[in-house]
Amino acid sequence: DVKVTQSSRYLVKRTGEKVFLECVQDMDHENMFWYRQDPGLGLRLIYFSYDVKMKEKGDIPEGYSVSREKKERFSLILESASTNQTSMYLCASSLWFEKTSYEQYFGPGTRLTVT
Amino acid sequence: GQQVMQIPQYQHVQEGEDFTTYCNSSTTLSNIQWYKQRPGGHPVFLIQLVKSGEVKKQKRLTFQFGEAKKNSSLHITATQTTDVGTYFCAGPIVYNTDKLIFGTGTRLQVFP
């Protein structure tokens, strides 16, 4: 079974703090994703990585950065947390082979509250 | 920009009734995926449709991909309480890439 794990289920941070959210997958997937999920807005893509050290911006990258130094690990960084970044953060991974997209496997999510 | 809309936003049904959610894209999709998220859980992949007009079934769930590859539907026959959750459709942001845009989801509540 594919397993995607996230470093924390719940996190409370103060405004202005630097926040690291980590995600690890164990299936050697090329693609990894960070989404945020807010009521009524569905899942919105923050960043996407298709290989080590490679990244692409998603729909809402402002205020976020990412790091992928190893294939299995994808980190989301909030440089200076703000209250409007309070949300559920979901990491996902997927296989990419011969220009075919495959299903995404999601981690359990991190509910971040910024006070 | 590209949009993927889902209707309805919420649906409450009595156990045993049927349920359908509709997904509409502003652009043609190379494929469409469906996910289910149980309350308190994370999205779990259900199925992917690739061909124009494709219909796939999983037990009581029937998935359709429109002829123009711009819309899709998920129909559940005789709902059960285990069907409770939010159903999302998702399609590639750019044709044939792996970056998905998710619909806003349809939350299904089933009353016993």
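Shown above is the structure to which this text applies.
Now for a quick tour of the structure. Nothing here was measured: the structure is a model prediction, and the numbers come from that model. (Residues numbered from 1 in each chain as written. Chains lettered and ligands numbered in written order. Predicted model: local features only at pLDDT ≥ 70, side-chain atom pairs only at ≥ 80, totals over all residues. Heavy atoms only, no water.)

The next thing to look at is the sheet that holds strand β7 (residues 64-70) of chain A. All names here are of chain A. An order of β1-β3-β8-β7 is seen for the 4 strands of this open sheet, with the pairing classed as antiparallel. Edge positions in the sheet fall to β1 (4-6) and β7, since each of these pairs with one other strand and no more. Averaged over all pairs of adjacent strands, the angle between their axes in this sheet comes to 20°, without regard to strand direction. With 6 bridges connecting them, strand β3 (residues 19-25) and strand β8 (residues 73-78) associate as antiparallel partners. Each bridged residue has a counterpart across the sheet, and for Val24 the counterpart in β8 is Arg73. (Pairing = 2+ DSSP bridges. Helix = DSSP H or I, 4+ residues; strand = E, 2+ residues; numbered from the N terminus. Axes fitted to C-alpha atoms, helices over the stretch in contact; angles between N-to-C directions.)

Facing the 20 residues of chain B at the interface are 26 residues of chain A. Both sides of the chain B and chain A interface together cover about 1700 Å² of buried area, and 52% of this is carbon and sulfur. If you sort the residues of chain B by the area they bury against chain A, Asp98(B), Lys99(B) and Phe102(B) come out on top, with a joint share of 35%. Scanning the region where chain B abuts chain A turns up 1 salt bridge. (Contact = heavy atoms within 4.5 Å. Buried area = accessible area lost by both parts, 1.4 Å probe. Salt bridge = Lys/Arg side-chain N within 4 Å of Asp/Glu carboxyl O.)

Now for the state of the cysteines. Chemically, a disulfide is nothing more than a covalent bond linking the sulfur atoms of two cysteines. Under the counting rule described, the total for this entry stands at 2 disulfides over all chains. Note that Cys23(A) is cross-linked by a disulfide to Cys91(A), the S-S spacing being 1.9 Å. When the S-S torsion is -75°, as for the bridge of Cys23(A) with Cys91(A), the disulfide is left-handed. Of this pair, Cys23(A) sits in strand β3 while Cys91(A) sits in strand β9 (residues 87-94), and the two are 68 residues apart along the sequence. Across the pair, Cys91(A) and Cys23(A) agree in class, each one buried. The disulfide partner of Cys23(B) is Cys89(B), and the S-S distance across this bridge is 2.0 Å. Around the S-S axis, the bridge from Cys23(B) to Cys89(B) shows a dihedral of about 80° and counts as right-handed. (Disulfide = S-S within 2.5 Å. Buried < 20%, exposed > 50% of the residue type's maximum accessible area, 1.4 Å probe, protein only.)

Volume-wise, the largest pocket comes out at about 680 Å³. Along the walls of the largest pocket sit 29 residues, with Gln37(A), Pro39(A), Gln37(B), Thr86(B) and Arg107(B) positioned nearest its centre. Elements represented by at least two residues in the lining of the largest pocket include exactly β4 (31-38) and β9 of chain A together with β2 (10-14), β9 (85-92) and β11 (106-111) of chain B. The class makeup of the residues in the lining of the largest pocket is 8 nonpolar, 16 polar and 5 charged. Here the second largest pocket defines a volume of roughly 200 Å³. Forming the walls of the second largest pocket are 14 residues, and the residues nearest its centre are Leu41(A), Arg44(A), Val4(B), Ile101(B) and Phe102(B). Within the residue set of the lining of the second largest pocket, elements represented by two or more residues are β5 (42-51) of chain A together with β1 (4-7) and β10 (100-102) of chain B. Residues that form the lining of the second largest pocket fall into these classes: 9 nonpolar, 3 polar and 2 charged. (1 Å grid on protein atoms, 1.4 Å probe; cavity = no way out; pocket = protein on both sides within 12 Å on 5 of 7 lines; lining within 4 Å. Points joined across faces, edges and corners; volume = space filled by probe spheres on them. Nonpolar A, V, L, I, M, F, W, Y, C, P; charged D, E, K, R; others polar.)

So, on to the nonpolar core. In this structure, Ile32(B), Trp34(B) and Phe63(B) are the most contacted members of the largest nonpolar core, which totals 21 residues. Going through the elements one at a time, β3 (19-25), β4 (32-37), β5 (44-49), β7 (61-65), β8 (71-76), β9 and β11 of chain B are the ones with two or more residues in this core. Counting residues in hydrophobic clusters, the runner-up holds 20 residues, among them Leu11(A), Tyr64(A), Leu76(A) and Val114(A). (Core = buried A, V, L, I, M, F, W, Y, C linked by side-chain atoms within 4.5 Å.)

Any functional reading would require information that these geometric values do not contain.
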